[in-house]
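Chain by chain, the residues:
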Amino acid sequence: MESFTRTRTRTRGKLTLIALMTSGVLAFSACAAGPADDTEDKLVVWFPGTNQTEIDLVTETIVPQFEEETGSDVEVTFADWGDLSTKLSAAFAAGTAPDVFGHGPAAIADYSVTERVEPLDDYIAELDPAEVEDLSAALPGGQVDGVQYLVPLSMQGNMLIYDADTFTEVGLDPENPPQTWEEIYAAAEKLTVKDGNAIVRSGLMLPTHPIGGQQAFANLLLGAGGSQLSKDGTTAAMNSPEGELALNYLVDMFAGTNPVTGNLGENFMDSAPAQQPVVTGDAAIQLTVAPRATDIMAVDPERDFRIMPVPRFDSTETGYALGGAGAGLMISSDSPNKDLAWKFIEYMIEPEVSEQYTSGIGAVPTRLSAMDSEYAQSSPVVQAWLEALPQFTPNPNVPGWVQARDTMAGYIEQALHGQLTTKEALSQMETAVDDILAKSRP
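The rules we used
- Residues numbered from 1 in each chain as written.
- Predicted model: local features only at pLDDT ≥ 70, side-chain atom pairs only at ≥ 80, totals over all residues.
- Heavy atoms only, no water.
- Pairing = 2+ DSSP bridges.
- Helix = DSSP H or I, 4+ residues; strand = E, 2+ residues; numbered from the N terminus.
- Axes fitted to C-alpha atoms, helices over the stretch in contact; angles between N-to-C directions.
- Contact = heavy atoms within 4.5 Å.
- Expected span 1.5 Å × (residues − 1).
- Buried < 20%, exposed > 50% of the residue type's maximum accessible area, 1.4 Å probe, protein only.
- Parallel < 35°, antiparallel > 145°, perpendicular 65-115°, else oblique.
- Left-handed = near helix turned anticlockwise from the far one by under 90°.
- Nonpolar A, V, L, I, M, F, W, Y, C, P; charged D, E, K, R; others polar.
- Salt bridge = Lys/Arg side-chain N within 4 Å of Asp/Glu carboxyl O.

**Q** Help me understand the sheet that holds strand 13 (residues 285-288) in this model?
**A** What links the strands of a sheet is backbone hydrogen bonding, and the strands pair in either a parallel or an antiparallel sense. In spatial order, the strands read 13-10-14; together these three strands make up an open sheet with antiparallel pairing. Edge strands, defined here as strands with exactly one partner in the open sheet, are strand 13 and strand 14 (305-307). Averaged over all pairs of adjacent strands, the angle between strand axes in this sheet comes to 30°, irrespective of strand direction. Pairing geometry for strand 10 (residues 159-163) and strand 13, over four bridges, is antiparallel. Along strand 13, the bridge assignment pairs Leu160 with Leu287. Its contacts with the sheet place helix 12 (residues 290-299) against strand 10, strand 13 and strand 14, and it is angled at close to 155° to strand 14.

Right, dumping it as structure tokens:
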């Protein structure tokens, strides 16, 4: 599986941007080696994802500012989400792990129990109490058993964006979008356009590439009032009536009596803004995240794109969706420059830099004080996500979760392709996840 990484290096004042196509773990390790030496002014940082807007902002603006302020040399690499954990494991094994690396909060527990990451409590304690309070909505998302390991850079959540004009086109009221998943499906049936048996415009598009399929299922499961794991995080809980309702919904979108979507397995979430389904006209409604929704609205400002409230199923009173604290930064326990590594993280969460970062990529701020900023107040996307924050539920943060999530994705994929019934997929998924969690407990 190929992945794209982009590395920025600073050598004797010269800035160089290198686009690297890597194939496999060894190639990545060779191209993006860990700290070059033990000098105090060198730092290697890996960011997750391949969002070009974020790459440009970090490598061309934020990092040069940090270098100028600290006199340090920072090498930055952006790694594809799908390969990030594998590449980090290889780097740790080879002794070439970055000083600072980014990941989602759900991965923290695995790195903490294997002592791959540095506890940050002592660093956090040195911050002004007012700063800690300002970050109080985000910091808990980076903790395991009350210990801070990751500092989130934004708040995140999955929501639905729709093209209001397509609603008007088929007689739906764009001012009153569907409130439940059942209503969304009924609307999607009207919005779907076919050429013979081929769907040329999906009424509703949810991601179904392996990890995307797990996210789509998790959103539906939460909307049904279910949970992926038990409350104590020790056993799987998705093999339930709520899980069956969620997985049946996802499968029916492609293979039900009246399918509302095509493009099974497509990873549209990572596509360029101009290639997003609602922009190209391939979908009337699609799942998205705040930065991508901002890009969608910016790429075609004449279009009337809107955000739906977090939906629920008829069987529940309140809708919930996957979200909470977004990806953040951790310090490798192997780093010889932990204090400089913390300086970089601290710099990223400074009020001015944090606003520069979140506004630059269209993300939801982590600071409570930023909620009243001109950026947050003027962005319909940020306003929609802020309103939905109480309804966002994060992925479990327990040892083994990344492997469990990937395993879930495999069973969901088999259900989507008709290789397993939904009941078979959920049963086998639960057994496999229970086994992973049991083996991963410290």
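**Q** Can you help me understand helix 9 (residues 210-223) in this one?
**A** For helix 9, spanning 14 residues, the distance from its first C-alpha to its last is 20 Å, which sits close to the expected 20 Å at 1.5 Å a residue. Judged by how many residues are buried, helix 9 sits mostly within the fold: eleven of 14 residues are covered. Gly212, Gly213, Gln214, Ala216, Phe217, Ala218, Asn219, Leu220, Leu221, Leu222 and Gly223 are the residues of helix 9 that are buried. With its phi angle positive at about 90°, Gly225 sits one or two positions after the end of helix 9.

**Q** Can you help me understand the packing of helix 2 (residues 52-70) against helix 13 (residues 338-348) in this one?
**A** Relative orientation and spacing of two packed helices are given, respectively, by the angle between their axes and the distance between those axes. For the pair helix 2 and helix 13, the least separation of the axes is 11 Å and the interaxial angle reads 125°. With respect to helix 13, the axis of helix 2 lies oblique. By crossing handedness, the relation of helix 2 to helix 13 is classed as right-handed. Across from Ile62, Val63, Gln65, Phe66 and Glu69 in helix 2, the residues of helix 13 making contact are Leu340, Lys343, Phe344, Tyr347 and Met348. A class-by-class count of the residues in the contact of helix 2 with helix 13 yields seven nonpolar, one polar and two charged.

**Q** Got a minute to help me understand the pattern of salt bridges in this structure?
**A** If the charged atoms of two oppositely charged side chains come close together, the side chains can form a pair. Enumeration over the complete set of coordinates arrives at twelve salt bridges. For Arg367, the salt bridge is made with Asp134, and the minimal N-O distance between the two is 2.8 Å. With Arg367 in the loop between helix 14 (351-361) and helix 15 (374-378) and Asp134 in helix 6 (residues 129-134), this residue pair connects regions lying 233 residues apart in the sequence. Side by side, Arg367 and Asp134 carry an identical accessibility label, which is buried.

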